[in-house]
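Inside the fold
In case you want the letters, here they are:
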Amino acid sequence: MSSATRFRRLGAVSIITATAAATGGSILFSPNLATNDRGGGPAFDSVRQKIIDPNAVIPSRAAQESVLSGATAANALDVLVIGGGATGCGVALDAVTRGLRVGLVEREDFSSGTSSRSTKLIHGGVRYLEKAVFNLDYGQLKLVFHALEERKQVIDHAPHLCHALPCMTPCFDWFEVVYYWMGLKMYDLVAGPRLLHLSRYYSAEESLELFPTLAKKGNDRSLRGTVVYYDGQMNDSRVNVALACTAALAGAAVVNHAEVVSFLKDEANERIIGARIRDNLSGKEFDAYAKVVVNAAGPFCDSVRKMAKNDAQPMICPSSGVHVVLPDYYSPEGMGLIVPKTKDGRVVFMLPWLGRTVAGTTDSNTDIAVLPEPHEDEIQFILDAISDYLSVKVRRTDVLSAWSGIRPLAIDPSAKNTESISRDHVVCEDYPGLVTITGGKWTTYRSMAEDAVDTAIKSGKLSPTNGCLTQNLRLIGGDGWEPSSFTVLAQQYVRMKTVGGKVVPGVMDTAAAKHLSHAYGTWAERVAAIAQDEGLGKRLAHGYPFLEAEVAYCARNEYCESAVDFIARRSRLAFLDTDAASRALPRIIKILANEHSWDKARQKRELENAKQFLETFKSSKNAHLNDGKH
């Protein structure tokens, strides 16, 4: 970029920033940002009480399936949701809290696809703001308004699973210091009342104190300082599972490992009136009738649409996002690193996450697959990109886990042209009775769900008892949780563990207590009680705080039906350390076998399936560098 172009851009930022400051920031705030009149009242209080009830019990999977199979033509569900990712579970929660009868089916497991393979950031979209300014694109600006509004809500709704994270942007000349400082101050302004913390500049010396592995020189340039701004970070699949369980407590029938095999149609009215569903655990098939079906199948939404209409035009342009996990010493606890422009113009980040460092991401065309795998060149691209900014050697042998996720970028089938693929979401009904919601991002799942339910209500002429309540509704485990809640676990519980055939006590140390508190919120005491009362207090893997009690708890309370469900989505062991997850499998399977009454043959299948699953996570131990594939 030429100096003249850069200074023209800088001028655009300063003009808009100055205008915003002069008008009190009013031109930057979306109309509904400051007002929030939803949530509260008898309907909200009733739903909230169900979720925070200390005696609440999550309905069993069998009970949930019986509700679905009992939905007849004469007694149909209001809404049947296909897809148990963030959007699908968000739709189920939104619809059931409006007083509608709701069912949800997910072919694999809640969060098994894109929703567990995200960047782990809850962000407003700094890059979209840059495009909005320099391209004078109001559509991009609206995206930022929307995402910043939702960002704060996601963090508020699951405070035990989400938090604000400072992100450092290194600057190697004084122009970059001014450019990024002004741009990020504008980001603060746009956030308005949803601001997490103010951004600020740190000198080179201060930056190295905060981020010791940061390079003092990059490409023969000296570090001039850094600009630190704040976005949110989350444990994505656990938020997703919390959404599913919260919807279940509120009255929705949610069933994982259940697949839609065909649609039920009213041929006279040419309308979808339900679906034929196969339970993938038992093989049993049944019909579930519904007034409206919502397709929230993420990257697979086109295959669902084609079940209804063979010639449906594609809506999905899939993109691959690869991430790698490295040891904790690559990044300090509580500070991320954002590289705004790599050699080929992509953004790369390196963030602390659950005691390790996650780095990424790529953005390249890909084919849709149930278990996408990262290519070796994508992994190497990430390692090369971060090595330019670090003083430590970045080694392929340090990669503990690497995964690929598919972003379902959306094309609106009703749009007149497809020149720009939307980063926003799309809601459409291209066959009567089938509403499709796709696109968007994790940060905006709640408002995406709200839009989908609004459309479903119109499509099915449904009669909700109240409006949307999800703006102020905390997820299971979030209401009443405080950052200090872990101290109760540390003080009041012990980890009784079986060692050499004997049950011996172990301290509920700070690491285990903090982990349980953050993973389960106010329900953590239930997990601690299992560890104490049932002798399941042993750690599953050396160096990680996951306890045996969690396997039993998740089988009983979180629809954990397989070993992969646990290592990938209930705990994050597969994502954090593939080798550690592999070593923990025999014990995990033994506990699940006890909970679900599995025979030896089923236990053997579980081990084989889990090993195959872990092969798709290209850690240094299972990387195939010379197989011709990469």
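Residues numbered from 1 in each chain as written. Predicted model: local features only at pLDDT ≥ 70, side-chain atom pairs only at ≥ 80, totals over all residues. Heavy atoms only, no water.

For clarity, the cut-off: UniProt positions are given in the numbering used here, feature names are shortened, and annotations may be inferred rather than shown by experiment.
Under the annotation held in an unreviewed UniProt entry, the chain carries the name Glycerol-3-phosphate dehydrogenase and is attributed to Manihot esculenta. The UniProt entry for the chain carries the following comment under Pathway (unreviewed entry): "Polyol metabolism; glycerol degradation via glycerol kinase pathway; glycerone phosphate from sn-glycerol 3-phosphate (anaerobic route): step 1/1."

Here we look at the domain arrangement of the chain
Which entries qualify depends on this criterion: Delimitation of the domains relies on an automatic or database domain assignment. The criterion used for residue contact is that any of the two residues' heavy atoms lie within 4.5 Å. Buried area is understood as the total, over both parts, of accessible area removed when two parts are fitted together, assessed with a 1.4 Å probe. Any carboxyl oxygen of Asp or Glu that lies within 4 Å of a side-chain nitrogen of Lys or Arg is treated as forming a salt bridge with it.
On domain assignment, one finds that the chain holds domain 1 (42-115 + 237-315 + 412-460), domain 2 (125-232 + 318-409) and domain 3 (485-616). For domain 1 and domain 2, the distance between their C-alpha centroids amounts to 32 Å. Contact with domain 1, which involves 23 residues of that partner, is made by 20 residues of domain 2. Taken over both partners, the interface formed by domain 1 and domain 2 buries close to 1,900 Å², and the fraction arising from carbon and sulfur atoms is 66%. At the junction of domain 1 with domain 2, the criterion picks out one salt bridge.

Focus on the pairing of strand E12 (residues 285-295)
Heads up, the rule is: In this analysis, strands are considered paired if DSSP registers two or more bridges between them. Numbered from the N terminus, helices here are DSSP runs of H or I no shorter than four residues, and strands are runs of E no shorter than two.
As paired elements, strand E1 (residues 77-82) and E12 share five bridges and run parallel to each other. Across the sheet, leucine 77 pairs through a bridge with alanine 290, a residue of E12. Sheet analysis places strand E11 (residues 271-279) next to E12, joined by five bridges and oriented antiparallel. The partner of alanine 275 across the bridge, within E12, is alanine 288. Counted between consecutive antiparallel strands, the loop separating E11 from E12 contains five residues, among which glycine 283 sits at a positive phi close to 85°. Relative to strand E20 (residues 434-439), E12 runs parallel, the two sharing three bridges. The residue bridging valine 293 from the neighbouring strand is leucine 434, located in E20.

A few points about the packing of aromatic side chains
The condition is simple: Each Phe, Tyr or Trp ring (for Trp, its six-membered ring) is paired with any other whose centre lies within 6.5 Å, and the angle between the two planes then decides the class: stacked below 30 degrees, edge-to-face above 60, tilted in between. Partly exposed describes any residue whose relative accessible area lies between the buried limit of under 20% and the exposed limit of over 50%, with all areas from a 1.4 Å probe on protein chains only and scaled to the type maximum. By definition, being over a ring means that NZ of Lys or CZ of Arg is both within 6 Å of the ring centre and within 35 degrees of the ring normal.
Per the counting criterion, the structure on display carries 12 aromatic pairs. Summarising the aromatic geometry, the rings of phenylalanine 172 and tyrosine 389 are spaced 5.9 Å apart at their centres and angled 55° between planes, so their arrangement reads as tilted. Highlighted residues: phenylalanine 172 in the loop between strand E4 (162-171) and helix H7 (174-191) and tyrosine 389 in the loop between helix H11 (376-387) and strand E18 (401-410), separated in sequence by 217 residues. Residue class for phenylalanine 172 comes out buried when judged on its relative accessible area of 4%. Overall, tyrosine 389 belongs to the buried group, its relative accessible area being 15%. Aromatic pair phenylalanine 175 and tyrosine 179: ring centres 5.6 Å apart, planes at 20°, arrangement stacked. Residue phenylalanine 175 and its partner tyrosine 179 are both found in helix H7; the two are separated by four residues, about one turn of the helix. Take phenylalanine 175: its relative accessible area is 13%, and that puts it in the buried class. Tyrosine 179 gets classed as buried once you look at its relative accessible area, which sits at 10%. Three or more aromatic residues joined by ring pairs form one cluster here, namely Trp403, Phe575, Phe613 and Phe617. Note that lysine 120 overlies the ring of phenylalanine 575, its terminal NZ or CZ placed 5.0 Å from the centroid.

Some remarks on the nonpolar core
Short version of the rule: As used in this record, nonpolar core signifies buried Ala, Val, Leu, Ile, Met, Phe, Trp, Tyr and Cys residues forming a set joined through side-chain atoms within 4.5 Å.
Of all hydrophobic cores here, the largest spans 140 residues; its most connected members are Cys162 and Leu516. Examining the composition of this core, we find that 10 residues originate from one element, helix H9 (residues 236-250), more than from any other. Apart from the residues within four sequence positions on either side, cysteine 162 is in contact with Ile122, Val154, Ile155, Gln233, Met234 and Val239. Core analysis: the next-biggest nonpolar cluster, separate from the first, contains 29 residues, Leu337, Val348, Ala359 and Leu383 among them.

Describing the environment of alanine 132
Tracing the backbone shows alanine 132 in helix H5 (residues 126-134). A residue is classified by how much of its surface remains accessible, and alanine 132, at 8% relative accessible area, is buried. Residues alanine 132 and glycine 88, 44 residues apart in the sequence, show an inter-C-alpha distance of 30 Å. Among all residues touching alanine 132, those that are not within four sequence positions of it are Asp137, Gln140 and Leu141.

Description of the UniProt feature "domain: Alpha-glycerophosphate oxidase C-terminal" (unreviewed entry) in the chain
The positions that UniProt labels "domain: Alpha-glycerophosphate oxidase C-terminal" (unreviewed entry) are, in the present scheme, residues 468-603. Across residues 468-603, the secondary structure splits into 54% helix and 4% strand, with the terminal C-alpha atoms separated by 43 Å.

Focus: H11
Selection criterion: An expected span of 1.5 Å times one less than the residue number is assigned to each helix.
The end-to-end C-alpha separation of H11 is 16 Å, in line with the 16 Å expected for 12 residues at 1.5 Å each. Listed as buried for H11 are Glu376, Glu378, Ile379, Phe381, Ile382, Leu383, Ala385 and Ile386.

Things to note about the side chain of aspartate 188
Going by this rule: Polar contacts here mean pairs of N or O atoms no more than 3.5 Å apart (in protein, one a potential hydrogen donor and the other a potential acceptor; neighbouring residues in sequence count only if both atoms are side-chain atoms).
Tracing the sequence through the fold places aspartate 188 in helix H7. Assessed through its relative accessible area of 8%, aspartate 188 is described here as buried. At a separation of 2.7 Å, a polar atom in the side chain of aspartate 188 contacts the side chain of serine 199. Once you skip the residues sitting within four places of it in the chain, aspartate 188 turns out to touch Leu195, His197, Leu198 and Ser199.

What about the packing of helix H17 (residues 563-570) against helix H19 (residues 578-596)?
How we decide: Here an axis means a line fitted to C-alpha atoms, over the contact stretch when the element is a helix, while the angle between two N-to-C directions is reported on a 0 to 180 degree scale. Each crossing gets its hand from how the near helix is turned against the far one by less than a right angle, where anticlockwise is left-handed and clockwise is right-handed. We call Asp, Glu, Lys and Arg charged. Ala, Val, Leu, Ile, Met, Phe, Trp, Tyr, Cys and Pro are nonpolar, and the rest, Gly among them, are polar.
Where H17 contacts H19, the axes come no closer than 9 Å and their chain directions differ by 115°. Where H17 crosses over H19, the handedness of that crossing is right-handed. Residues Ala563, Phe566 and Ile567 of H17 form the contact with H19, whose participating residues are Leu585, Ile588, Ile589 and Leu592. Among the residues making up the contact of H17 with H19, the classes are represented as seven nonpolar, no polar and no charged.

Points about the pattern of salt bridges
Taken as a whole and assessed by the stated rule, the structure comprises 36 salt bridges. Across the pair arginine 98 and aspartate 454 runs a salt bridge, and its minimum N-O distance is 2.8 Å. One end of the pair, arginine 98, is in the loop between helix H4 (86-97) and strand E2 (102-106); the other, aspartate 454, is in helix H12 (residues 445-460), and 356 residues separate them in sequence. Close ionic contact of arginine 570 with aspartate 109 constitutes a salt bridge, the shortest N to O distance being 2.7 Å. With arginine 570 in helix H17 and aspartate 109 in the loop between E2 and strand E3 (121-122), the pair connects residues that are 461 residues apart, well separated along the chain. According to the relative accessible area criterion, arginine 570 is buried, its value standing at 1%. Classification of aspartate 109 as buried rests on a relative accessible area of 0%. By sharing partners, the salt bridges in this structure join Glu259, Arg276, Arg278, Glu285 and Asp287 into a single network.

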